[in-house]
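Survey of secondary and tertiary structure
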Amino acid sequence: MKKLIVMFFIILNVISFSQVTTVWTKSVIDGNLPAWFSPTGNSERGFAYNPVNNKLYVVSRNAPFSVRVMNADNGADLDTLKLTGVTGGTYLLNDIETSEDGGIFACNLVIDAAGVFKIYRWLNETSDPVVAYQNDFARDKRMGDNIVVIGKLSDNSIEIWVPDQKNSIVEVLGTNDNGNTFIIKRTITLPAATFGSATSVYPNLSDSTLVTNGAGKNLFLWKWDGTNLGQVPGGIISTGTTTTKLFKFPNTNATFIATFQYVAQANARIVDMDGKS
């Protein structure tokens, strides 16, 4: 999923959008891959950056199961999150995200009707996780490959976007109590077979659109009512890509898409949506 087989952290030079600078790398080739990171498997599928404390959180299913805390400036291992009470799912945890004001959320992976999808919240890096949301949705499903968290806990603007690969549905969760609990805020239904494997979505609240991506599918742009607005050719963003993020840099109006491709030589691609690079 998210995100890496070779883990790296990059910044984009906002003066010259075509220039990407590698800040640090952890990889087999460089001989500095952490011992907890699988060099051959896919047990590290989810990570998140916390903009409040400048740390990374990485979910690792490589024994022992853990959520690692890393320094975003240099990739140094710092700590692990507590996992007391984390139970259920095909994978206990798979993806992890943070809110704009530093809230930490992670979800399990479920792949059938019996699976109960869960989202856990950590109040801070030393607290035990609590279940912020759980639901079996009374249907066959696959949920938890990728989730997206946008907004803030402090003003209840936070939303958690959860795609269901099997049903081409996106469940959007919201809160009225600063993230202690979540409810379904809206359900977006897209045409059948819209999603590829390891489905990823990312919303644009300003114009009620979202992009969808998954292995075997092009990246598409949709209205929330299910109207297709177009797609990105496979020559620009490969149909082998999965996790997808939209982002902007300070003091610019340029919007970028970042995607991850899980292949023999896993890679990330950054595309300027304005067509400049």
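So, here is what we can say about the structure in this document.

Rules behind the numbers
Counting starts from 1 at the beginning of each chain's written sequence and moves along it residue by residue. Only residues with pLDDT of at least 70 are given local features in this predicted model, and only at 80 or more are side-chain atom pairs given and counted; all residues enter the totals for whole chains, interfaces and linings. Derived side-chain values reflect all non-hydrogen atoms in the structure, with water molecules and hydrogen atoms excluded from consideration. Strand pairing is defined by DSSP finding a minimum of two bridges between the two strands. Every helix listed is a DSSP run of H or I at least four residues long, and every strand listed is a run of E at least two residues long, numbered separately from the N terminus. Lines fitted to the C-alpha atoms define the axes, with helices restricted to the stretch that makes contact. Angles between their N-to-C directions range from 0 to 180 degrees. Definition used in this section: a nonpolar core is a set of buried Ala, Val, Leu, Ile, Met, Phe, Trp, Tyr and Cys residues joined via side-chain atoms within 4.5 Å. Burial classes follow relative accessibility: with a 1.4 Å probe on protein chains only, a residue under 20% of its type's maximum area counts as buried, one over 50% as exposed, and anything between as partly exposed. The contact criterion used is simple: two residues touch if any of their non-hydrogen atoms lie within 4.5 Å. The definition of a polar contact used here is a pair of N or O atoms within 3.5 Å, where within protein one atom must be able to donate a hydrogen and the other to accept one, and adjacent residues in sequence count solely through side-chain atom pairs.

**Side note on the sheet that holds strand E4 (residues 55–60)**
Sheet architecture is open: 4 strands sit in the order E3-E4-E5-E6, paired in antiparallel fashion. In the strand order of this sheet, the two ends are held by strand E3 (46–50) and strand E6 (77–80), each with one partner. Averaged over all pairs of adjacent strands, the angle between their axes in this sheet comes to 25 degrees, without regard to strand direction.

**Notes on the nonpolar core**
Counting residues in hydrophobic clusters, the biggest one holds 21 residues, and the most contacted among them are Trp161, Val170, Ile188 and Leu210. At the level of secondary structure, the elements contributing two or more residues to this core comprise strand E11 (148–150), strand E13 (169–174), strand E15 (197–204), strand E16 (209–215) and strand E17 (219–223). Top contributing element to this core by residue count: E17, with 3 residues. Leave out the neighbours within four places in its chain, and isoleucine 188 touches Trp161, Ser168, Ile169, Val170, Val172, Leu210 and Trp224. Membership of the second largest hydrophobic core comes to 17 residues, among which are Ala132, Tyr133, Ile158 and Ile160.

**A closer look at the environment of threonine 212**
Take threonine 212: it is sitting in strand E16. Remark: the alpha-carbon pair of threonine 212 and threonine 199, spanning 13 residues in sequence, is separated by 7.3 Å. If near-sequence neighbours (up to four positions away) are discounted, threonine 212 is found in contact with Leu190, Thr194, Phe195, Ser200, Val201, Asn218, Leu219, Phe220 and Trp222. At 3.0 Å, the side chain of threonine 212 and the side chain of tryptophan 222 are in polar contact.

**Quick notes on the pairing of strand E19 (residues 241–248)**
Relative to strand E20 (residues 255–261), E19 is paired through 6 bridges, and the arrangement is antiparallel. Residue pairing in the sheet places threonine 244 in a bridge with threonine 259 of E20. The antiparallel pairing of E19 with E20 creates a hairpin that spans 6 residues between the two strands, and asparagine 251 there sits at a positive phi of about 65 degrees.

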